[in-house]
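Fold and contact review
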Amino acid sequence: MKFYRSHILVCHGTNCSMKSPAAILKTFETALKDFGLEDEAKVVQTGCFGLCEQGPTVVVFPDGTLYCRVKPEDAREIVAEHILKGRVVERLLYKAETQPRPVQTYVESPYFSRQVRVVLRNCGVIDPDSIDEYIARGGYRALGKALTAMKPAEVIDEVKKSGLRGRGGAGFPVGLKWTFAARASGSPKYIVCNADEGEPGTFKDRLILEGDPHGVLEGMAIAGYATGATMGYAYIRGEYELSIKRLEKAICDAKKLGLLGKDILGTGFDFDVEIRLGAGAYVCGEETALFESLEGGRGEPRIKPPYPTDFGVFGKPTVINNVETLANVAPIIESGAEWFRTMGTKGTPGTKVFTLCGNIINSGLIEVPMGITLREVIFDIGGGIPNGKRFKLAQTGGTSGGCLPDGMLDIPMDYDTLAAAGSALGSGALLIIDDSHCIVDVAKSFAKFFVHESCGKCVPCREGTVQIMRILEKISEGKGTHKDLENLEVLARVMYKTPLCPLGQTAPISVINTLKYFKSEYEAHINKKICPAAVCAVAGE
Amino acid sequence: MQKVDEILDRHKDKPGPLMPVLQDLQKELAWLSPEVLTRVAQRLDIHPSKVYGVASFYTLFATKPKGRHIVRICENAPCHVLGAPAVMREVERAAGAKMGETTQDGAFTLEFTSCLGVCGVGPVMEIDGEVFGNLTPAQVPAILGRFREMAAPKEGVAR
């Protein structure tokens, strides 16, 4: 293996890859050759670094200098100045509005200094296409430890003790799920990785798979060993081309080294992983709809019980875990449950990956301890609201989550606290909306999503989503009445209780939250026929 | 039909072969005609109504022919608050068709997409699999102009 004095890391996550990182990579390589530095510095394409708004980002190691919004023509200057002469290119450094001087290294920037990276430990740091780099960072050590030094029951016990809860949104205890599957009598058993990420505002699973695919595979193999499953499926959205490509390569490389497939590490344990693709249906993120789709059917949810751990894909016992959940497994096995519990809150230990989007300065991907407040995330890490506007509301957990107004910015974010506040942690999407937006218009965009994505199998969801949309349209056109607001609340109550799956149950929550916190704005549309934000085409304007 | 059979041969022995078969056919043929779906039903021994039911359920499968280029605009909440409605109106104007329609010259079919997971750089749209982020209405005519005269992506390119 060759040693280099310097490494130039170029972000190749999806958000950055829209801005020609391949050209940047190439310019770096050419420039290094021109200056005779190709044996001194190495250019690496990494997964998402997280700071999407400032992309494409480049980090130069060993010092960790962070360059933002790098263009292909800047690459030559970085080589000529930084790599050759050791002089930082000031004009490309990260500038936070809150700080007087630009920060030089990524660890100093407020965006990174507050983060704790467990799931994202390798994202933006290693070349995701290189299994060697994953292994060099301690990868597959946890799988080795589990297979050679632990019994399956001990693995489950460690995960149970860690308090890890499902990161897909529901927050179900992972150890318990694995126990049910291990005890189930059917055979064969399956591990399914749920990578059908479709929640608006959520792009964490995409970037985890793009940035560190082996971390997810290792988690799947450990889950297989713990529960007695020998086959795993990764069900990925068809739209996520780069995730699919990187995971395919990772599976292939892991098999070559005997880390997947037959007789893993010579222990006699077999575990294989196959990728299956979605084809554009949000509802397939619901576990039983996903099974239906994987088996070759319409993605319509099943009635539960029976639960997946007894009757999952192909009617066999199945553990289905989210990408982020699985990426937590190897660190827990390696460093232990006690270490994991030092992060986060009592009820929800560990970290959470959030995706920041909407009206926020630093949109992108972050990982922070559970229990951090919304205010810290938006204003300390996220840099606040751009263009001199003010914060109006945040939608947590995506469109199926809930909304929180200004007065609730200080509640700690974990599953139980947010649920108690009438919102949800969900997938970790944080949509920030500023005060230039009309609440009815925003609510309409939530409602429209569910009209489009309802699978149509059960009546309350199929009809309810359309009725919510109709009522909101009426209000935004200045034709709404107070009776409509009452009807919204009745609809919401029925929809909490009656649909088959969480899609329908969560569809009214955000809309009802906006009605609760911004009722006067709804009333202005109804009583005065005006839209205070001048967005809706209400009569009388 | 030879290509259809090749794809069927590739997947027919897998558990749950229907989705991988339809995905590869969609990539190869750009749309799933009744003849193709009938062939799939015969070869996999699945009732034609079920095959059609699956093909028509998912938004990435087309059961009708579409324009040479598929323009997919995200209008979900994160893109909405960053200005997607204005981008969408400009796309409709510049393309010369409404959302859901195909332009008269057959160049574009305009569709809404589910969240593309690139919300960090919204508003976004996707044309033939290429994603455009941080969009403003002013950028739209040039982007559409680039695609308008272009031939459809060749077979085997996902879109």
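**Section: the overall build of chain A**
If you tally the helices and strands in chain A, you get 22 helices and 14 strands. Computed over C-alpha atoms, the radius of gyration of chain A comes to 24 Å, within 12% of the 24 Å expected from 2.2 N^0.38 for 541 residues, which places it in the range of a compact globule. The principal-axis extents of the C-alpha atoms in chain A amount to approximately 75 × 60 × 40 Å. Looking at chain A alone, contacts between residues at least 24 apart form 72% of all its contacts between residues at least 6 apart.

**Section: the interface of chain A and chain B**
Taken together, the contacts link 47 residues of chain A with 33 residues of chain B. Of all the elements in the fold, those that place two or more residues in the side of chain A that touches chain B are α1 (14–17), β8 (269–277), α12 (287–294), β10 (351–358), β14 (429–434) and α17 (439–453) of chain A. For the side of chain A that touches chain B, the element with the most residues is α17 of chain A, which contributes six residues. Tallied by class, residues from the side of chain A that touches chain B come to 17 nonpolar, 21 polar and nine charged.

**Regarding the pairing of strand β9 (residues 318–322) of chain A**
Residue and element names in this part refer to chain A. Among the five residues in β9, five count as buried, and that is most of the element. Burial of β9 is two-sided: the residues T318, I320 and N322 facing one way and the residues V319 and N321 facing the other way are all buried. Of the pairings in the sheet, the one linking strand β5 (residues 190–195) to β9 comprises five bridges and is parallel in character. The residue bridging C193 from the neighbouring strand is N321, located in β9.

**As for the sheet that holds strand β11 (residues 364–369) of chain A**
Pairing between sheet strands relies on hydrogen bonds along the backbone, with the strands arranged either parallel or antiparallel. Residues and elements named next belong to chain A. What the five strands build is an open sheet, ordered β11-β10-β14-β12-β13; its pairing is mixed. With partners counted over all chains shown, the strands left at the sheet margins are β11 and β13 (402–405), one partner each. Going from strand to strand, the sheet's axes swing by 30 degrees on average, the running direction of each strand aside. Alignment of β10 against β14, held across four bridges, turns out to be parallel. Across the sheet, the residue bridging to T355 is A429, located in β14.

**Comments concerning the domain arrangement of chain A**
Structurally, chain A comprises domain 1 (6–113), domain 2 (131–340), domain 3 (351–434) and domain 4 (439–528). A straight line from the C-alpha centre of domain 1 of chain A to that of domain 4 of chain A covers 46 Å.

**Quick look at helix α2 (residues 21–34) of chain A**
Residues and elements named next belong to chain A. With 14 residues, α2 should cover 20 Å at 1.5 Å per step; its first-to-last C-alpha distance of 20 Å lies within 8% of that length. On its buried face, α2 is in contact with β1 (6–11), α1, β2 (41–46) and α3 (72–85). Remark: G36 follows α2 within two positions and exhibits a positive phi of approximately 65 degrees.

**Considerations on the domain arrangement of chain B**
Taken domain by domain, chain B consists of domain 1 (2–57) and domain 2 (69–148). If you average the C-alpha positions of domain 1 of chain B and of domain 2 of chain B, the two centres end up 30 Å apart.

**Observations concerning the packing of helix α1 (residues 2–11) of chain B against helix α2 (residues 18–29) of chain B**
Residue and element names in this part refer to chain B. At their nearest, the axes of α1 and α2 sit 9 Å apart, and the two run at 150 degrees to each other. Between α1 and α2, the angle falls in the class roughly antiparallel. Classified by chirality, the crossing of α2 by α1 is right-handed. On the side of α1, the interface is formed by K3, V4, I7, L8 and H11, while α2 contributes P20, V21, D24, L25 and E28.

**A closer look at the sheet that holds strand β4 (residues 65–67) of chain A**
All names here are of chain A. The four strands are arranged β2-β1-β3-β4 in an open sheet whose pairing can be described as mixed. Pairing within the sheet leaves two strands with one partner each, and these edge strands are β2 and β4. When strand polarity is set aside, the average angle formed by the axes of neighbouring strands in this sheet is 20 degrees. Bridge analysis of β1 against strand β3 (residues 58–61) gives four bridges, and the strand direction is antiparallel. Note on β3: the bridge partner recorded for V10 is V58. The sheet strands contacting α2 are β1 and β2, and the helix crosses β1 at an angle near 160 degrees.

Cut-offs used in this document
- Residues numbered from 1 in each chain as written.
- Chains lettered and ligands numbered in written order.
- Predicted model: local features only at pLDDT ≥ 70, side-chain atom pairs only at ≥ 80, totals over all residues.
- Helix = DSSP H or I, 4+ residues; strand = E, 2+ residues; numbered from the N terminus.
- Rg over C-alpha atoms; globule rule 2.2 N^0.38 Å.
- Contact = placed C-beta atoms within 7 Å.
- Nonpolar A, V, L, I, M, F, W, Y, C, P; charged D, E, K, R; others polar.
- Buried ≥ 20, exposed ≤ 12 C-beta atoms within 10 Å, placed from the backbone.
- Pairing = 2+ DSSP bridges.
- Axes fitted to C-alpha atoms, helices over the stretch in contact; angles between N-to-C directions.
- Domains from an automatic or database assignment.
- Expected span 1.5 Å × (residues − 1).
- Parallel < 35°, antiparallel > 145°, perpendicular 65-115°, else oblique.
- Left-handed = near helix turned anticlockwise from the far one by under 90°.

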